[in-house]
Amino acid sequence: VAFFRVLASFVVQFGLHGEPAVNAVWREQRIEDDPVLESNKRGFVAFATSSSSHSRTTQVFINLSNTNAFLDEGGYAPIGRVVEGIENVDKLFSGYGDSEPHGRGPSQGLIQVEGDEYLKREFPDLDYVRNVTLLDAD
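Residues numbered from 1 in each chain as written. Predicted model: local features only at pLDDT ≥ 70, side-chain atom pairs only at ≥ 80, totals over all residues. Heavy atoms only, no water.

(A) Spotlight on the nonpolar core. One finds Phe3, Val6, Val12, Phe14, Val45, Phe47, Val60, Ile62, Leu64, Val89 and Leu92 forming the largest nonpolar core, which totals eleven residues. When contributions to this core are tallied by element, the ones reaching two or more residues are β1 (3–7), β2 (11–14), β3 (44–47) and β4 (60–63). In contact with Val6, not counting residues within four places along its chain, are Val11, Val12, Leu92, Phe93, Ser94 and Gly97. In this structure, Leu16, Tyr96, Tyr118 and Tyr128 belong to the second largest nonpolar core, which totals ten residues. (Core = buried A, V, L, I, M, F, W, Y, C linked by side-chain atoms within 4.5 Å. Buried < 20%, exposed > 50% of the residue type's maximum accessible area, 1.4 Å probe, protein only. Helix = DSSP H or I, 4+ residues; strand = E, 2+ residues; numbered from the N terminus. Contact = heavy atoms within 4.5 Å.)

(B) Local environment of the sheet that holds β2. One open sheet accounts for five strands, arranged β1-β2-β4-β3-β5; its pairing is antiparallel. The open sheet has two edge strands with one neighbour each: β1 and β5 (78–81). Taking each pair of neighbouring strands and ignoring which way they run, the sheet shows an average axis angle of 25°. Sheet topology places β3 next to β5; three bridges connect them, and they run antiparallel. Bridged to Ala46 within β5 is Pro78. (Pairing = 2+ DSSP bridges. Axes fitted to C-alpha atoms, helices over the stretch in contact; angles between N-to-C directions.)

(C) Fine view of empty space enclosed by the protein. Counted under the stated rule, the structure contains one cavity of 30 Å³ or more. Surrounding the largest cavity, Phe3, Phe4, Arg5, Val6, Phe93, Ser94, Tyr96, Gly97 and Leu126 form its lining. Taken together, the residues of the lining of the largest cavity break down into six nonpolar, two polar and one charged. (1 Å grid on protein atoms, 1.4 Å probe; cavity = no way out; pocket = protein on both sides within 12 Å on 5 of 7 lines; lining within 4 Å. Points joined across faces, edges and corners; volume = space filled by probe spheres on them. Nonpolar A, V, L, I, M, F, W, Y, C, P; charged D, E, K, R; others polar.)

Just distances and angles here, no functional claims.
Here it is, written out as structure tokens:
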């Protein structure tokens with residue numbers, strides 16, 4: 001899974017699969033909104049969403065700044081946080097910026113349809129999630 005949207009001092013976004021068939025299965029699945037119980041601070045993870053209610057899917061972002069509290073009002077409820085290795089998140093490649101028209105980064109639509117083939121061809125410097133370990137909250 002690529003870190004396809006890296007905006008320095010704002011967020012790192014990921015969660016679209018490299019295989020188009022996997023994206024097709026999940027594209028229309030929606031996750032209900034959670035109440036915002038914690039503010040979007042550095043290292044906190046939240047679902048990306050559109051402007052409508054209950055529109056979360058597989059995309060998430062990691063906050064890179066303590067100045068993202070304005071996201072709370074938009075319903076971006078943190079669901080976790082980076083507890084170790086935030087310095088590695090800071091090192092993710094950010095040279096492409098946002099997608100058009102705000103930057104020259106990858107199109108989320110093309111990621112969903114073409115997956116890693118598109119990303120590796122057009123955006124070879126992106127970083128990827130290779131494995132994940134979930135820790136018990138205790």
